[in-house]
Amino acid sequence: MSSTTLEINEIFHSIQGEGSFAGWPCAFIRLAGCGHGCIGCDTGYAEDEGVELEREEVIKRAIRFRAPVIEITGGEPLLQPAVYPLMTQLCDLNQKVLLETGGFISVEKVDKRVHKIIDLKPPSSGVAEQNHPDNIRLALAAEPPHRHTFEFKIVIAGKEDYEWATSLLQQHQLTDFFTIMMGVSFGKLDPAELAAWILRDRLRARLQLQLHKYLWDPSRKGV
Ligand code: SF4
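The structure presented is a predicted model; accordingly, all values stated were derived computationally and were not measured.

Concerning the state of the cysteines
Think of a disulfide as a covalent bridge from one cysteine sulfur atom to another cysteine sulfur atom. Counted under the stated rule, the structure contains zero disulfides. In this structure Cys91 is not part of a disulfide, and its nearest cysteine sulfur, from Cys26, lies 14 Å away.

Overview of the sheet that holds strand E8 (residues 179-184)
In spatial order, the strands read E3-E1-E2-E4-E5-E6-E7-E8-E9; together these nine strands make up an open sheet with mixed pairing. Looking at strand neighbours, the two that pair on one side only are strand E3 (51-54) and strand E9 (206-208), the edges of this open sheet. Taking each pair of neighbouring strands and ignoring which way they run, the sheet shows an average axis angle of 35°. Helix-sheet contacts for helix H4 (residues 159-172) involve strand E7 (150-156) and E8, and the interaxial angle to E7 is about 155°. Here helix H6 (residues 191-200) sits on the sheet and contacts E7, E8 and E9; the angle it forms with E8, its principal contact strand, is near 140°.

Brief notes about the side chain of His146
One can find His146 in the loop between helix H3 (133-141) and E7. Ignoring anything within four residues of it in the chain, the contact list for His146 reads Lys112 and Lys116.

A few points about the pattern of salt bridges
Under the defined criterion, the tally for this structure stands at eleven salt bridges. With a shortest N-O distance of 3.4 Å, Lys60 and Glu57 are connected by a salt bridge. Taken together, the residues span about one helical turn, with Lys60 and Glu57 both in helix H1 (residues 55-63) at a distance of three residues. Under the relative-accessibility criterion, Lys60 is labelled exposed at 53%. Within this structure, Glu18, Glu100, Asp119, Lys121 and Lys153 form a network of salt bridges that share partners.

Details of the site of the ligand
In the neighbourhood of the ligand, the contacting residues comprise Cys34, His36, Gly37, Cys38, Cys41, Thr43, Gly75, Phe104 and Lys121. Of the residues that constitute the shell around the ligand, the class distribution is four nonpolar, four polar and one charged.

So, the packing of aromatic side chains
Centre distance and the angle of the planes are the two values used to describe a pair of aromatic rings. Overall, the coordinates contain five aromatic pairs when judged by the stated rule. Summarising the aromatic geometry, the rings of Tyr162 and Trp197 are spaced 5.1 Å apart at their centres and angled 45° between planes, so their arrangement reads as tilted. Placement of Tyr162 in helix H4 and of Trp197 in helix H6 is noted, with a sequence separation of 35 residues between them. By way of ring pairs, the aromatic residues Phe150, Phe152, Phe177 and Phe178 are connected into one cluster. In this structure, Lys116 packs its charged tip against the face of Phe150, placed 4.6 Å from the ring centre.

Re the nonpolar core
By size, the foremost hydrophobic cluster in this structure holds 53 residues, and its most contacted members are Ile29, Ile72, Met87 and Met182. When residues in this core are grouped by element, the largest group, six residues, is from helix H2 (residues 83-92). Residues contacting Met87, with those up to four places away along its chain left out, are Ile72, Leu78, Val97, Leu99, Val110 and Val114. Counting seven residues, the second-largest nonpolar core is a separate cluster that includes Phe12, Phe21, Phe28 and Val69.

Focus on the pairing of E8
The element E8 is largely enclosed, with a buried count of five among its six residues. With six bridges connecting them, E7 and E8 associate as parallel partners. The residue of E8 that forms the bridge with Val155 is Gly183. Assessed by its sense of winding, the connection that carries the chain from E8 through H6 to E9 is right-handed.

Quick notes on the packing of H1 against H2
In contact at an axis separation of 10 Å, H1 and H2 are set at 45° when each is read in the N-to-C sense. Relative to H2, the element H1 is oriented oblique. H1 and H2 meet at a crossing whose hand is right-handed. Residues Arg55, Glu56, Val58, Ile59 and Ile63 of H1 form the contact with H2, whose participating residues are Pro85, Leu86, Gln89 and Leu90. Of the residues that constitute the contact of H1 with H2, the class distribution is six nonpolar, one polar and two charged.

Criteria and cut-off values
- Residues numbered from 1 in each chain as written.
- Predicted model: local features only at pLDDT ≥ 70, side-chain atom pairs only at ≥ 80, totals over all residues.
- Heavy atoms only, no water.
- Disulfide = S-S within 2.5 Å.
- Pairing = 2+ DSSP bridges.
- Helix = DSSP H or I, 4+ residues; strand = E, 2+ residues; numbered from the N terminus.
- Axes fitted to C-alpha atoms, helices over the stretch in contact; angles between N-to-C directions.
- Contact = heavy atoms within 4.5 Å.
- Salt bridge = Lys/Arg side-chain N within 4 Å of Asp/Glu carboxyl O.
- Buried < 20%, exposed > 50% of the residue type's maximum accessible area, 1.4 Å probe, protein only.
- Near = heavy atom within 4 Å.
- Nonpolar A, V, L, I, M, F, W, Y, C, P; charged D, E, K, R; others polar.
- Phe/Tyr/Trp six-rings, centres within 6.5 Å; stacked < 30°, edge-to-face > 60°.
- Lys NZ or Arg CZ within 6 Å of the ring centre and 35° of its normal.
- Core = buried A, V, L, I, M, F, W, Y, C linked by side-chain atoms within 4.5 Å.
- Right-handed = clockwise from strand over helix to strand, strands pointing away.
- Parallel < 35°, antiparallel > 145°, perpendicular 65-115°, else oblique.
- Left-handed = near helix turned anticlockwise from the far one by under 90°.

In structure tokens form, the structure reads like this:
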């Protein structure tokens, strides 16, 4: 991919289902390709189904929805060089831009105005060793208001994941400074069980329920 074209899987309008912007109408730009191989990846269809589009065309298609937020997602969006100028251009157009990233690439080059939702992959993903150490370091080093553009997301499939997550959060005192969204791996853990653990431990994390999977068929694309 060049710095002016992107491999796009889909551009669509939906309700943001996750994170601190859940519930807002959102224009999604889903970039194709990842290859990280997380167990339980629910966007495998974005792996190699994509069409090449000019950056200007991507912007035109996304802003036509007139949504209050635009999310760049994937696949893994940070693998494509043109995603960086794409995010900057959207910010320059006064769009509220969210980035959803798998967390194995540093967000250092991402425009500071972008709200970064960074996965911390737990043991059940099979890739917990590959969470990029830069991301927690950059978040902790950021001064307000830039600090508030970092948010972390952890998808929990069971008790081992939960214990791993609480230990990591405590080690870096992440709950003191950042929004921590904790969700369940759909169908693998009862959200009520995760809710009980969060309450029992007085954990400063927010339970998220992947709203779109309750609104529509969980296997449906483009939501
Ligand atoms: S980083 Fe995201 S898109 Fe890539 S394999 Fe993991 S879950 Fe799937």
